[in-house]
Amino acid sequence: MLNPEDIAKEVATLRQRLAGPKLTLADVTACGQAANRLAEAAEAAAQPVERIALAGDTTLDLLAQAVACALLQEGMLARIFVAPIGTGTQQILDSGSDLHAFRPGMVLLVPDWRSAIAPLPTDSMAAAAAADAAQIDMYRSLWGTLTARRYRVLQQTLVPPPWTLRGVADRRSPASVVRRVEALNEALIDASDGQVTWLEADRMAAQVGLHAWSAPRFHHAAKLGFDPRFLVDYLPWFRGAWRAATGRAKKVLVVDLDDTLWGGTIGDLGVDAVALGPAHGAAGEAFASWQDYLAMLGRRGVILAVCSKNAPEHALAGFDHPHAALRRDDFASCVCSWDDKATGLRRIAAELSLGVDALVFADDNPAETALVRQVLPEVETVDLGVDPAQFVQRLEAGHWFDLQALTEADLHRRAAYAGRRLALETRTSTADLSSYLSGLQMAGRLDPALVKDLPRIAQLELKTNQFNLTTRRYSQAELATFAAREDRLLLTFSLRDRFANHGLTAAIVAAAEGDTLRIDSWVMSCRIFSRSAEQFIIVRLAELARSRGIGTLIGEYAPTARNDVVADLYPRLGFSPSGSGGLWLRPLDRPLDDLACWIAVESDPATHLDSNG
Amino acid sequence: MPCLRSLIASVMQVDAASLREEDGVETMAIWDSLRVITLASMIEFHYDIVLANADIENLTSVQRVRDVVARYAQS
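Residues numbered from 1 in each chain as written. Chains lettered and ligands numbered in written order. Predicted model: local features only at pLDDT ≥ 70, side-chain atom pairs only at ≥ 80, totals over all residues.

All names here are of chain A. Pairing is parallel across the open sheet formed by five strands, whose spatial order is β8-β7-β6-β9-β10. Whereas interior strands pair on both sides, the edge strands pair on one side only; in this sheet they are β8 (331–337) and β10 (380–383). Pairs of neighbouring strands in the sheet enclose a mean axial angle of 20°, with direction left out of account. Two elements, strand β9 (residues 359–363) and β10, share four bridges in a ladder whose sense is parallel. The residue of β10 that forms the bridge with Asp-363 is Asp-383. (Pairing = 2+ DSSP bridges. Helix = DSSP H or I, 4+ residues; strand = E, 2+ residues; numbered from the N terminus. Axes fitted to C-alpha atoms, helices over the stretch in contact; angles between N-to-C directions.)

Each assigned domain of chain A is listed here: domain 1 (4–245), domain 2 (255–396) and domain 3 (431–607). For domain 1 of chain A and domain 2 of chain A, the distance between their C-alpha centres works out to 35 Å. (Domains from an automatic or database assignment.)

Glancing now at the nonpolar core. Residues and elements named next belong to chain A. Among the nonpolar cores identified, the biggest contains 145 residues, and Leu-54, Ala-66, Val-67, Val-254 and Ala-305 are the most heavily contacted of them. The greatest single-element share of this core, amounting to 10 residues, is contributed by helix α3 (residues 61–73). Counting contributing residues, this core receives three or more from each of domain 1 (4–245) and domain 2 (255–396). The residues contacting Ala-66, other than those within four sequence positions of it, are Val-28, Gly-32, Leu-231, Tyr-234, Leu-235 and Phe-238. (Core = buried A, V, L, I, M, F, W, Y, C linked by C-beta atoms within 7 Å. Buried ≥ 20, exposed ≤ 12 C-beta atoms within 10 Å, placed from the backbone. Contact = placed C-beta atoms within 7 Å.)

Take the packing of helix α2 (residues 25–44) of chain A against α3 of chain A next. Residues and elements named next belong to chain A. Between α2 and α3, the least distance of the axes is 8 Å, while the angle of their chain directions is 75°. It follows from the interaxial angle that α2 and α3 lie roughly perpendicular. Facing α2, whose interface residues are Val-28, Thr-29, Cys-31, Gly-32, Gln-33, Ala-35 and Asn-36, α3 presents Leu-62, Gln-65, Ala-66, Ala-68, Cys-69 and Leu-72. Looking at side-chain class alone, the contact of α2 with α3 contains eight nonpolar, five polar and no charged residues. (Parallel < 35°, antiparallel > 145°, perpendicular 65-115°, else oblique. Nonpolar A, V, L, I, M, F, W, Y, C, P; charged D, E, K, R; others polar.)

In this section: the pairing of strand β17 (residues 583–587) of chain A. Residues and elements named next belong to chain A. By the alternation rule, side chains of β17 split into Trp-584 and Arg-586, which are all buried, and Leu-583, Leu-585 and Pro-587, of which none is buried. One ladder, built from two bridges, connects strand β16 (residues 576–577) with β17; its direction is antiparallel. The residue bridging Ser-576 from the neighbouring strand is Leu-585, located in β17.

Residue and element names in this part refer to chain A. As summarised here, the arrangement of the five strands in space is β2-β1-β3-β4-β5, forming an open sheet in which the pairing is parallel. Since the sheet does not close on itself, it has two edges, and those belong to β2 (78–82) and β5 (196–199), each with one partner. Between one strand and the next, the sheet's axes are offset by a mean angle of 25°, whatever the strand orientation. In the sheet, strand β1 (residues 50–56) pairs with strand β3 (residues 106–110) via five bridges, with the strands oriented parallel. Directly across from Ala-53, in β3, lies its bridge partner Val-107.

Our next topic: helix α23 (residues 476–484) of chain A. Owing to its 3.6 residues per turn, the α-helix brings residues three or four apart onto one side. Residue and element names in this part refer to chain A. Buried residues of α23: Gln-476, Leu-479 and Phe-482, and no others. Angular distribution of buried residues about the axis of α23 spans 115°; they occupy a single face of the element. Close packing links the buried residues of α23 with α22 (454–463), β12 (488–496) and β13 (501–513). (Arc of directions from axis to C-beta.)

Residues and elements named next belong to chain A. Counted at 1.5 Å a residue, the expected span for helix α7 (residues 125–148) with its 24 residues is 34 Å, and the 34 Å between its end C-alpha atoms agrees. Turning to α7, its buried residues number three or more, namely Ala-128, Gln-135, Tyr-139, Leu-142, Trp-143 and Leu-146. Each element contacted by the buried residues of α7 is listed here: α4 (88–93), β3, α6 (113–116), β4 (152–156), α9 (177–192) and β5. Phi turns positive one or two residues past the end of α7, at Arg-150, with a value near 60°. (Expected span 1.5 Å × (residues − 1).)

Residue and element names in this part refer to chain A. Phi at Ala-46 takes a positive value of approximately 60°, unusual for a residue other than glycine. If you trace the backbone, Ala-46 turns up in the loop between α2 and β1. Overall, the presence of 8 C-beta atoms within 10 Å leaves Ala-46 in the exposed class. Of note, Gln-441 is a non-glycine position whose phi angle comes to about 50°, a positive value. Tracing the backbone through its elements, the reader meets Gln-441 in the loop between α21 (433–439) and β11 (442–448).

Before going further, it helps to examine the interface of chain B and chain A. At the interface, 12 residues of chain B touch 15 residues of chain A. Every element with two or more residues in the side of chain B that touches chain A is listed here: α1 (4–12), α2 (33–47) and α3 (53–57) of chain B. The dominant element in the side of chain B that touches chain A, judged by the number of residues it contributes, is α2 of chain B, at seven residues. When the residues that make up the side of chain B that touches chain A are grouped by side-chain class, the tally is six nonpolar, six polar and no charged.

Below, the structure written as structure tokens:
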């Protein structure tokens, strides 16, 4: 039997093989089988192991090996159950099935168009709509069954067949297989309403080529859904979906400057001579296009930062270039120094109050990314290479920033971080904390959640690791249930200051239990740490509790590896320990004037801070 | 391009030097249908050919794999 040290050594060997530059199908199958063996040994040694069930309409054994490899690349071992082909629905709906006996933490559904799209008379819209509605109902039933057991659900979109029958005519025929696959994918994504994390198999197939992907001979021979050579391509797509499902999506893209945002070394050439824009040929065009892409990423909520070995006065001048799509304000942090990149990345993480594992670092210099991989293995690195025309593809290949849904918070994050930076600059010039906090002129609200707040609250529940008192990770569906219950309060905290509207930045789930109100879940964005938001929330929560005749607030702290920043939160807020089990209580028969707060109550409901920031 | 013996060995997870021409589904328990599919895919990728279904089913021993690939090389 393998001991934990042996397991760790073998895992490290496999991860090294999977980190190789040219992975092959043989690598995936060999590592996948070895990973399964190691996962069994790890589980026998009481080590944490993911448990994932696969169910679908095709042979999934090779896909299971790819899933095991993808999770190894994420640093996890996984036991994997594969439902016999075509039995997924029965396995999920039968509470006594082998799938449920396996007790998965996550289920990956892999539908195939051959099963999902029944043949219909040409152009029968009504029949197509009825057939699709039946599929949606079936999947709703499956998702409901799985989420009721708190299994996370991943599902692949349908990949259309490679043939087109009558060309453009089929694109215009509502009942054609191609149109129906597209429509059913969109309808299922809409219907899933936050219950499912989607893996875009159709987009993956389109990227490698639908004919190559579909390879009918492999389906005829072994009921495989696609040519197994593309299992290597599958790994980053699965990793992106898995990270989204488990709250591990990356938050920050850190880029170098010279030969990354423009061609050449700005300190040598000066801002006018770097390659950026049409005057510098194809390379200049490519760098400009890359900057446009990064600007779009920033507008969609990816936090941008710079880590450059440069004198700051030279480096930042690049943002004044007439063809620069990116300006200084687009970056939440700019570290320009002669320190090594690992040191710079640590500074960026500290400035943004994030862990280094939230960072993706992209650089044209492979020596720099190699150093970061060695010193800061938690940071993901992207070797951009020398050709700026390939930068977008190389970054996107990792699926680091794939999201299931955009929220208002994502769309306003750039402005919120710009405001935060201005606020921090004010702090360095302010004599004391009290003056600094007063000077921010903060106003906030604690309100019952609206339906439109649910995606943002679910995002906070999933992604918040530090200020997360109990790490319950409630799903959007569960939060909607709480909002409808009389004995539950689902509350949102919104904040603005004179620099920015930070929007919905904290959420609370509280349970009314007799004479007590227990804070079951409390998450808060790291962006508003140390601003007395915690004090504001407790004071408002106490008012709400008193209005319901409740006499005691109860808080709960469940320690994890990431939330020690809130280990002393409840004592700081005047709570006393209540027995063992991480419970704290504060009676409400005494005033709360011990909780100093620099946030005024935003009194005008018309200025209720929407889910933004 | 890896030699055929190395390709087969990497799929069957054995040492290439230990593979005999007569080794295959009759002598190696690991030579199962999924590994045949994997082998077919890797042969197609490395030799830039597309195997017919009947030929995929014929990948039952080292010798037969060699025969199939040789036939495609000639055509």
